[in-house]
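Listed here are the chains, written in short residue letters.
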Amino acid sequence: MQISGHIEHQFREVFPSVIALLLALALLFHSPLATAQESPSAPSGDAQRATEDLNKSAPAAAPSKSEQTTESLPAALKVEEVAPGVFVHQGRYELFTPRNSGDTSNNGFIIGKDAVAVIDTGGSARVGAALLAAIRARTSLPIKYVINTHMHPDHVFGNVAFKAESPTFVGNAKLPRALSSRADRYLAINKELLGDSFAGTEIIPPTELVSNRLEIDLGDRKLLLEAHPTAHTDNDLTVLDEKTGTLFLGDLLFSRHTPALDGSIRGWLALIDKLANRQDVKLAVPGHGPASMPWPSALDAEKRYLSTVAGDVRRMIKEGKTLSEAAGTAGMSEKDAWILFNEYHARNVSAAFAELEWE
Amino acid sequence: MSATRLTLGRISRSLALTLGIFAGAALPAVAADDIWKDIHRDVFAGKAIAEDDGAVSLEAPYRAEDAAIVPLTVHIPASAGEVKSLTLVVDKNPAPVAATFEFGEAAGKGDRMLSTRVRIDMYSNVRAVVETADGKLHMATKFVKASGGCSAAASKDADEALASLGKMQIRTFDADASKEQTPPVREAQVMIRHPNFTGMQMDQVTRQYTPMRIVSEMDVKRDGARIFKMEGGISISENPNFRFTFVPGTDNVIEVTAKDTEGQIFNATSAKKAS
């Protein structure tokens, strides 16, 4: 009794200064308390909301529990050998948070006889460095190419970690423009989202540009790089490992993670049909989803999602409905089929509406 | 200026959160009223404005799906009588006046609606201010959570945007509900392909801002009678899009003349028997 009474007394005296201290800390470190809280309505969520057009780096709402990893980033990324010499790291089904350091997209590397090619580098310098460590645990061959599949930060922000390896950075011919017109925003917003784990991140645009097709050789291993018309973005690029028929689709392929539309829904659907007919592909690596997927069934769910959205939106436009009416109703039948649906879907509908009303 | 505001915003959010943990309360937004005071003085000459008196109402999403295309819909009821003009204001945008619409006779005096899409640069109050025939001002306000709308990269498909600049599309709608209204009204939609460059979108390669280029004027008529004349600012979204009611005439042909800040003129006319 006495002891607890004593403690209570002391606590009352100390309490105001504790609040003051916490306030001061919160101001000093911006909002470490917020991130510790992991609440969907935390301020970082507000900031993240601002990033919607970054697509892969939007708000802080929690994905379903079973999908959420609470581990922080390891020194070397865990990778899976999906085909001989082809390695893929599966990113988390999450939005950017300080804890995941921007490890939210798939990235990979292919080892040839003479050299290595990296395909996408993750969402921060830290993820890029962990990918480099995973590569170096398997080979000491030079990294000759770092290829980016499109402009989104979760695929390009790790480029900087490879600078010292002096690779050729390769991308769609439209990638430099897409990055440059978004650079300030991408950097500012992702810095806010990732906090300390953003340290050292900078944008490294490609110097070798692909406007149609480009073949590169890693030594007894040829990769076919192809630029595509506007689909997920206006600067999509796929990478085919000819030896194993493994196609890296970047964000032209989403699985489980809600697709994010930042290009053209018509273009994307047309491209899916075109790709599905390809006979030279045996295995698909999505930009978000499992490390690898069977071909061409990998495309089915995404095609269904985009067709549903396009169909619903077209019908609503025909009926004279408005953009805001569509945002709340179109494509809702897909809700249970995808992770992060609330974070991406309504925005996809808005984008689809603004595109399809011109038909 | 905007950097200072950002910092303030951050601090206030941290503060609000910290307080929230202990007291479940949040601090009011900092300095929002001061911005409106300036706008009120500069744009409306400090004239008295009646708030939420039923002469105008505003629909806006509390949280925007896309800060670069935030749909705003303004309703003016028949009870407001004749309305001279409507001004859309986004308090915290670099140029707060998004657009001003001067109504003509074909806008009518019944229940009116006008809807457009705007860019919103940071969490802000959005206002619809109308001036009724008696010269009085009336206002409806909504708070919208959105940010980065003015500096967001212009287009999802940059080549397509330039290739189709100036293309226009006019639709008229024949909703049963609006036909039954007395007096009867109809709805039309005018869309114009235009990047509406804000002047705040930077090209990192050249380290230059893409110069401002916006649709600055638009005159919309029905069978030669004016529905409205718009003066637009940088806050109107890429591919400006207006949907509005009008009083039906004999042919219901909608005719649009628009002009951008480069002096380029865009004309379009709806098909005669508008469907």
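One structure accompanies this document, and this report is about it. Please read all numbers here as calculations on a predicted model, not as lab measurements.

## Thoughts on the overall build of chain A
Stage number 1. A tally of regular secondary structure across chain A gives 10 helices and 13 strands.
Stage number 2. With 359 residues in all, chain A has 60% of them scored as buried.
Stage number 3. A total accessible area of about 14000 Å² is found for chain A, and carbon and sulfur atoms account for 55% of it.

## Some words on helix α10 (residues 341-356) of chain A
Stage number 1. In a regular helix each residue adds 1.5 Å, so 16 residues correspond to 22 Å; α10(A) covers 21 Å between its end C-alpha atoms and thus fits that length.
Stage number 2. By the criterion of burial, α10(A) is predominantly enclosed, with 14 of the 16 residues buried.

## Regarding the sheet that holds strand β3 (residues 70-76) of chain B
All names here are of chain B.
Stage number 1. Across the sheet, which stays open at both edges, the six strands sit in the order β2-β3-β6-β15-β10-β9 with antiparallel pairing between neighbours. Looking along the sheet, the strands with just one partner apiece sit at the ends: β2 (57-59) and β9 (168-173). Each adjacent strand pair in this sheet contributes to an overall mean axis angle of 15 degrees, direction not counted.

## A few points about the pairing of strand β16 (residues 254-260) of chain B
All names here are of chain B.
Stage number 1. Residues Ile 254, Val 256, Ala 258 and Asp 260 point to one face of β16 and are all buried, whereas Glu 255, Thr 257 and Lys 259, pointing to the other face, are not buried.
Stage number 2. Relative to β16, strand β13 (residues 215-222) runs antiparallel, the two being bridged by seven bridges. Across the sheet, Lys 221 pairs through a bridge with Glu 255, a residue of β16.
Stage number 3. Where β16 and strand β17 (residues 265-269) come together, five bridges link them in antiparallel fashion. If you follow Lys 259 over to β17, its bridge partner there is Ile 265.

## Points about the nonpolar core
Stage number 1. Grouped together as the largest cluster of nonpolar side chains are 51 residues, with contacts concentrated most on Phe101(B), Met218(B), Phe228(B) and Phe244(B).
Stage number 2. The contact partners of Phe101(B), leaving out residues within four places of it in the chain, are Lys84(B), Ser85(B), Leu86(B), Leu88(B), Leu114(B), Phe228(B), Lys229(B), Met230(B) and Phe242(B).
Stage number 3. Membership of the second largest hydrophobic core comes to 44 residues, among which are Leu247(A), Leu253(A), Leu275(A) and Leu340(A).

## Quick word on a negative patch on the surface
Residue and element names in this part refer to chain A.
Stage number 1. Among the surface-exposed residues, Asp 114, Glu 215, Asp 217 and Glu 242 lie close enough to one another that they form a single negatively charged patch.
Stage number 2. As for its position among the elements, Asp 217 is in strand β8 (residues 213-217).
Stage number 3. Accessibility expressed as a relative area gives 35% for Asp 217, which makes it partly exposed.

Cut-offs used in this document
Residues numbered from 1 in each chain as written. Chains lettered and ligands numbered in written order. Predicted model: local features only at pLDDT ≥ 70, side-chain atom pairs only at ≥ 80, totals over all residues. Heavy atoms only, no water. Helix = DSSP H or I, 4+ residues; strand = E, 2+ residues; numbered from the N terminus. Buried < 20%, exposed > 50% of the residue type's maximum accessible area, 1.4 Å probe, protein only. Areas by Shrake-Rupley, 256 points an atom, 1.4 Å probe, with all protein chains shown as cover. Expected span 1.5 Å × (residues − 1). Pairing = 2+ DSSP bridges. Axes fitted to C-alpha atoms, helices over the stretch in contact; angles between N-to-C directions. Core = buried A, V, L, I, M, F, W, Y, C linked by side-chain atoms within 4.5 Å. Contact = heavy atoms within 4.5 Å. Patch = residues over 30% accessible without salt bridge, like charges linked within 9 Å, V, L, I, M, F, W, Y side chains within 5 Å. Salt bridge = Lys/Arg side-chain N within 4 Å of Asp/Glu carboxyl O. Lys, Arg positive; Asp, Glu negative; His and termini not counted. Charge placed at Lys NZ, Arg CZ, Asp CG, Glu CD.

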